[in-house]
Amino acid sequence: MSEDIRIHSWPCSYYLDTSKQWVSGRLLLTPVAIKFTADKTGELLVNFHLSSISEIKKESSNLIFSSLTILEKNTKHWFSSLQPNRNVVFNILEHFWREQLLSSQGAGAEAAALPSTKGKELTGLLTGSQKRLEDTAKVLHYQGEQFDNIMRGLNKIEGDMDVADRLLTELESPSWWPFSSKLWKAPLEAKPKETATVSDSKNQEGIVIRIPVIITHRTDSNVKPGKLTLFASGLEISDCNSQVIHRFESKDVDDIRVHTPYEISVRQRFIGKPDTSYRLLSAKMPEAIPILEMQFSKKIQFLEDALGFVGARKSPQVDLGTSIWRAATGLLGGVVQPGSPVGGTEGMDKDQVQLQKQEKISQEEAKELKQILKKLKGLALETEAELERQDEALDSITTSVDRATLNIDKQNRRIKKLT
């Protein structure tokens, strides 16, 4: 992810301590830094990393009203005249600062304890692939349950059609026919079973991913922190206290727009009343977008500022399966003799030999990689089997729908004759 992506920018004034005056310009937030550029000169007056911030506060005094202060190391930066308002800027800056602080602390502690190696890089790649495949499996499992529910519904429709057919046969029979009153009574016993299984699937539904977000409703200027939860059946927006603000079922979502890798909008259209629309901004949004893209492939739209993110994310994965297996096979093959480089050390200087040794992976890393690869293979086989099962179910559904359509047409003709 490029560090130069612009997440948000706001018109404001910055207090320049050297000249003791306020300078108008724009405050810019990137994934890792805060910048301020003066309007008149175009000079970059402020540029510091989010991880170097100690405190973000809303302050005011007798001379400075409605200001935002950022304490960076030992320097205090003052921003005022923030548009659309101070609260919006504060909530967004604080969100990205806290997320950056949490991620940098975890990454810094891990980097300090364990030096980066080829084995760890590959382990990270495979772990990410495993997580993505697990998310895919969850969505496919839910889709499979939906197909099963559809099949149960179609079977019930076919049963009802049989009853209707028997009723029509009785109406068409002459009054002297002795068996007409008994033809349709038997199948009526098997009706009240269906509702429990359909409702159970929603209760058993698991969470695919949950991330903190900054929420804007419709075109409101105010924003508030909350959470976005993705389920296999849709998505849910809640506040910081986990109170649900709105839940979109998959069928309710009309479009999802990806404005930047960190900001999306979700909309449900209505006729005769305002659309239900939410704009969501999050430092963790790049983790959720691939899942949204998989669930809402026909409804998601990447705007201009997000197209680079799509290309950067998809280009290394054009042949992801092949590259992972090749890399894993090559690195695991080098574990046979971890201490010596492949092909011997003749004709190599010390730096080359040392570099090859650093590219080797340890026995522990190889063991971990083999376990992950085993899980990946199992998940891939399960996913493939589920896809095949869903293809068969879809064929059965199509056949049942065609048969039901023909039966309905046939019964309509019979009803017309009776009337």
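Here the structure is shown first, and the text comes after it.
Please read all numbers here as calculations on a predicted model, not as lab measurements.

*Asks:* Would you mind going over the overall build of the protein with me for this structure?
*Replies:* Check the secondary structure of the protein and you find 8 helices and 15 strands. By residue count, 37% of the 419 residues in the protein fall in the buried class. Once local pairs closer than 6 in sequence are excluded, the contacts in the protein between residues at least 24 apart make up 53%. For the protein, the accessible surface area stands at approximately 25,000 Å², while carbon and sulfur atoms represent 53% of it.

*Asks:* Quick question: what am I supposed to make of the side chain of serine 238 here?
*Replies:* Along the polypeptide, serine 238 turns up in strand β10 (residues 234-239). Of the residues examined, serine 238 reaches a relative accessible area of 5% and is grouped as buried.

*Asks:* Just checking my understanding: could you explain a negative patch on the surface for this structure?
*Replies:* The grouping of Glu384, Glu388, Asp391, Glu392 and Asp395 at the surface amounts to a negative patch. Mapped onto the secondary structure, aspartate 391 falls in helix α8 (residues 363-418).

*Asks:* Before we go on, may I ask you to explain helix α4 (residues 285-295) in this structure?
*Replies:* Residues lying three or four places apart along an α-helix face the same way, a consequence of the helix completing one turn every 3.6 residues. In terms of burial, α4 is largely enclosed, as 9 of its 11 residues are buried. For α4, the set of buried residues is Met285, Pro286, Ala288, Ile289, Pro290, Ile291, Leu292, Glu293 and Gln295.

*Asks:* Please clarify how the sheet that holds strand β7 (residues 75-80) should be interpreted in this entry.
*Replies:* Sheet strands associate in pairs through backbone hydrogen bonding, adopting either a parallel or an antiparallel arrangement. Read from one edge to the other, the open sheet built from 7 strands follows the order β4-β3-β2-β1-β7-β6-β5, with strand pairing classed as antiparallel. In the strand order of this sheet, the two ends are held by β4 (44-49) and β5 (53-59), each with one partner. On average, each strand axis in the sheet is tilted by 30 degrees relative to the strand beside it, whichever way the strands run. Taken together, the 5 bridges between strand β3 (residues 33-38) and β4 define a ladder with antiparallel strand orientation. Counted as the bridge partner of threonine 37 is leucine 44 from β4.

*Asks:* What's the story with the pattern of salt bridges in this structure? I'm lost.
*Replies:* Where side chains of opposite charge bring their charged atoms close, a pairing between them can arise. The full count for this structure, using the stated rule, is 10 salt bridges. Residue glutamate 236 is joined to arginine 247 by a salt bridge in which the shortest nitrogen-to-oxygen separation is 3.5 Å. Here glutamate 236 is found in strand β10, whereas its partner arginine 247 is found in strand β11 (residues 244-249), with 11 residues between them in sequence. The exposure class of arginine 247 is partly exposed, given its relative accessible area of 25%. Notably, a salt bridge pairs arginine 269 with aspartate 255, separated by 3.2 Å at the nearest N-O pair.

*Asks:* Is there a simple way to explain the pairing of β11 in this structure?
*Replies:* When a strand is regular, its side chains alternate between the sheet's two faces. Bridging between β10 and β11 involves 5 bridges; their strand directions are antiparallel. Looking at the pairing, leucine 235 lines up with phenylalanine 248 of β11. From the end of β10 to the start of β11, which pair antiparallel, there are 4 residues, and serine 242 there has a positive phi angle of about 65 degrees.

*Asks:* Help me understand the sheet that holds strand β8 (residues 207-217), please; the structure alone is not making it clear to me.
*Replies:* One open sheet holds the 8 strands; their spatial order is β11-β10-β9-β8-β14-β13-β12-β15, and the pairing between them is mixed. A single partner strand is all that each edge strand has here, and the edge strands are β11 and β15 (300-302). Sheet twist, expressed as the average angle between the axes of neighbouring strands with direction ignored, equals 30 degrees. Contacting β8, β9 (224-231), β10, β12 (255-260), β13 (263-268), β14 (276-281) and β15, α4 runs over the sheet at an angle of about 105 degrees to β8.

*Asks:* Even after reading the chapter, I still don't get the nonpolar core, so can you show me in this structure?
*Replies:* General note: in soluble globular proteins, nonpolar side chains tend to be found buried as a group. Counting 29 residues, the largest nonpolar core has Leu27, Leu29, Ile34 and Leu93 as its most contacted members. Of all the secondary structure elements, the ones that give two or more residues to this core are β1 (8-16), β2 (21-29), β3, β4, β5, β6 (67-72) and α1 (86-113). Considering every element that reaches this core, the biggest residue donor is α1, with 7 residues. Here this core spans two domains, and each of domain 1 (8-103) and domain 2 (207-306) adds at least three residues to it. If you look at the next biggest cluster of nonpolar residues, it comprises 25 residues, including Val208, Val213, Phe248 and Ile264.

Reading guide: rules and limits
Residues numbered from 1 in each chain as written. Predicted model: local features only at pLDDT ≥ 70, side-chain atom pairs only at ≥ 80, totals over all residues. Heavy atoms only, no water. Helix = DSSP H or I, 4+ residues; strand = E, 2+ residues; numbered from the N terminus. Buried < 20%, exposed > 50% of the residue type's maximum accessible area, 1.4 Å probe, protein only. Contact = heavy atoms within 4.5 Å. Areas by Shrake-Rupley, 256 points an atom, 1.4 Å probe, with all protein chains shown as cover. Patch = residues over 30% accessible without salt bridge, like charges linked within 9 Å, V, L, I, M, F, W, Y side chains within 5 Å. Salt bridge = Lys/Arg side-chain N within 4 Å of Asp/Glu carboxyl O. Lys, Arg positive; Asp, Glu negative; His and termini not counted. Charge placed at Lys NZ, Arg CZ, Asp CG, Glu CD. Pairing = 2+ DSSP bridges. Axes fitted to C-alpha atoms, helices over the stretch in contact; angles between N-to-C directions. Core = buried A, V, L, I, M, F, W, Y, C linked by side-chain atoms within 4.5 Å. Domains from an automatic or database assignment.

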